[in-house]
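# Structural description and commentary
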Amino acid sequence: GHGYSGMILPPRPALNLQLLELKAHGRYGSVWKGQLPDRFVAVKIFPIQDRQSWLAELEVYALPQMKHDNVLKFIASEERDDGDSAKLWLVTEYHDRGSLCDFLKGNVITWADLCKIGETMACGLAYLHDEIPSTPSAKGKPAVAHRDLKSKNVLLKQDLTACIADFGLALKFEPGKGLNETHPQVGTRRYMAPEVLEGAICFNRDSFLRIDMYACGLILWELMTRCTAVDVGDYRLPFEAEVGQQPSLEDMQTRVVTRKMRPALNPLWNKHPGLYGLVPTVEECWDQDAEARLSAGCVQERIRQLARTINS
Ligand code: ADE
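Note that this is a predicted model, so its numbers are computed, not measured. (Residues numbered from 1 in each chain as written. Predicted model: local features only at pLDDT ≥ 70, side-chain atom pairs only at ≥ 80, totals over all residues. Heavy atoms only, no water.)

### Observations regarding the packing of aromatic side chains
For the structure on display, the rule yields 4 aromatic pairs. Both rings, one in F173 and one in F208, keep their centres 5.7 Å apart while their planes meet at 35 degrees; by these two values the pair is tilted. Taken as a pair, F173 in strand β9 (residues 171–173) and F208 in helix α5 (residues 205–225) lie far apart in primary sequence, 35 residues in all. An identical accessibility class is assigned to F173 and F208; each is buried. Each residue in the set Y61, F74 and F167 is aromatic and connected to the rest through ring pairs, giving one cluster. (Phe/Tyr/Trp six-rings, centres within 6.5 Å; stacked < 30°, edge-to-face > 60°. Helix = DSSP H or I, 4+ residues; strand = E, 2+ residues; numbered from the N terminus. Buried < 20%, exposed > 50% of the residue type's maximum accessible area, 1.4 Å probe, protein only.)

### Brief notes about the layout of surface pockets
Rolled over the atoms, a probe as big as a water molecule pinpoints where empty space is left. Approximately 1100 Å³ is the volume found for the largest pocket. Together, 42 residues line the largest pocket, and H25, Y28, K150, K152 and N153 are the ones closest to its centre. Residue composition of the lining of the largest pocket, grouped by class: 15 nonpolar, 12 polar and 15 charged. (1 Å grid on protein atoms, 1.4 Å probe; cavity = no way out; pocket = protein on both sides within 12 Å on 5 of 7 lines; lining within 4 Å. Points joined across faces, edges and corners; volume = space filled by probe spheres on them. Nonpolar A, V, L, I, M, F, W, Y, C, P; charged D, E, K, R; others polar.)

### Side note on the sheet that holds strand β4 (residues 74–82)
Strand order in the open sheet formed by 5 strands is β1-β2-β3-β5-β4, and the pairing between neighbours is antiparallel. Each of the sheet's edge strands pairs with one partner strand only, and the pair in question is β1 (18–25) and β4. Taken pair by pair, the neighbouring strands of this sheet meet at an average axis angle of 30 degrees, ignoring direction. Bridge count between strand β2 (residues 30–36) and strand β3 (residues 39–47): 7 bridges; the pairing is antiparallel. Each bridged residue has a counterpart across the sheet, and for Q35 the counterpart in β3 is F40. Along the sheet, helix α1 (residues 51–61) makes contact with β3, β4 and β5 (85–93), crossing β5 at roughly 25 degrees. (Pairing = 2+ DSSP bridges. Axes fitted to C-alpha atoms, helices over the stretch in contact; angles between N-to-C directions. Contact = heavy atoms within 4.5 Å.)

### A word on the packing of α5 against helix α8 (residues 273–285)
In contact at an axis separation of 8 Å, α5 and α8 are set at 155 degrees when each is read in the N-to-C sense. The pairing of α5 with α8 is recorded here as roughly antiparallel in orientation. Our pair here, α5 against α8, has a crossing hand that is left-handed. Residues M213, Y214, G217, L220, W221 and M224 of α5 form the contact with α8, whose own contacting residues are L275, L278, V279, T281, V282 and C285. Along the lines of polarity and charge, the residues of the contact of α5 with α8 split into 10 nonpolar, 2 polar and no charged. (Parallel < 35°, antiparallel > 145°, perpendicular 65-115°, else oblique. Left-handed = near helix turned anticlockwise from the far one by under 90°.)

### Regarding the site of the ligand
The immediate surroundings of the ligand are formed by V31, A42, L72, T92, E93, Y94, H95, G98 and L155. Within the backbone of H95, an N or O atom sits 2.9 Å from a nitrogen atom of the ligand. Relative to its unbound accessible surface of 260 Å², the ligand loses 85% to contact with the protein. For the ligand, the cavity whose grid points lie within 2 Å of the majority of its atoms is the largest pocket. Of the residues assigned to the shell around the ligand, the class counts are 5 nonpolar, 3 polar and 1 charged. (Near = heavy atom within 4 Å. Polar contact = N/O pair within 3.5 Å; in protein donor to acceptor, adjacent residues only side chain to side chain. Areas by Shrake-Rupley, 256 points an atom, 1.4 Å probe, with all protein chains shown as cover. Sits in = over half its atoms within 2 Å of the grid points.)

### Overview of empty space enclosed by the protein
According to the stated counting rule, one finds 1 cavity of 30 Å³ or more in the structure shown. Its boundaries defined by the atoms lining it, the largest cavity holds a volume of some 190 Å³. Along the walls of the largest cavity sit 19 residues, with R147, V186, G187, V196 and I211 positioned nearest its centre. For the lining of the largest cavity, the leading source of residues is α5, giving 4 residues. Across the lining of the largest cavity, the residue classes tally to 12 nonpolar, 4 polar and 3 charged.

### Observations concerning the pattern of salt bridges
Throughout the structure, instances matching the rule amount to 12 salt bridges. Where E57 meets K44, a salt bridge forms, and the shortest distance between an N and an O atom there is 2.7 Å. Of the two residues, E57 is situated in helix α1 and K44 in strand β3; the sequence distance between them amounts to 13 residues. By relative accessible area, which is 1% here, E57 ends up buried. Since its relative accessible area comes to 9%, K44 is described here as buried. Across the pair R304 and E301 runs a salt bridge, and its minimum N-O distance is 3.2 Å. Of this pair, R304 and E301 both sit in helix α9 (residues 296–309), 3 residues apart, roughly one helical turn. Under the relative-accessibility criterion, R304 is labelled partly exposed at 32%. With relative accessibility at 35%, the residue E301 sits in the partly exposed group. (Salt bridge = Lys/Arg side-chain N within 4 Å of Asp/Glu carboxyl O.)

This is the structure in structure tokens:
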């Protein structure tokens, strides 16, 4: 029939957004602190060749019900052509404390801080992982696997609650759709679960969620290493003591798959009831047997219980 295919849409006004300061460089591009008329924002800038990554991340934020206190909040996206180089922008809330990784480098944490960060991170992850069925009044949310969970992708809000960021590699699982095959080794080597390092290629929804839980265990370990409940040392990334700053895939395979190694548990942790009580949770997150790993909801509940019974 006679549609409106030739209709011209009015141009969307450009965001009144100024870049202030470069915060980080990554695989994808760069993250800036920016300013809207009424607030600071974070601006992730993708090079034009990375349109697919930009679109992939937008698609995750565009899913129904993606608003949660422990998931980074989307604000806007924009295509900018500033003269010679077009850039793709993704604008989100800005959190001044930055990533958990940077925070732990510069700060130690109390047992109460550890519980708050750990529980809220698990809460955000549980929300991502859970499918919310559609109802007549609201469209549901598919289960989402993050696939690049690490302390750099967990941001800290002012009150030391966590929010999960960077959905560039995330996968959604629409109910009734089949298996995801031939997914290569994506994510960050240091945080790759043994089955990813091994190069398994056929994962279903639950196997992707379990891969996130392995990484969650490593992040809980990072929190424990900086907890002042016992004497603490300098901040080290997981496996940094063993493989250094830039591990090869083979380095990680040898340790994590062949020798089944995990980051060292500090014997001093046994002297604090909270840290002692948290060890089994960490170990059940990074279990070699993916099917034995805890769910994010279970981790959240375990930390909540520990926080209630052990106050200092
Ligand atoms: N680094 C990456 N994303 C950020 C954000 N939203 N706020 C602050 N620092 C960040």
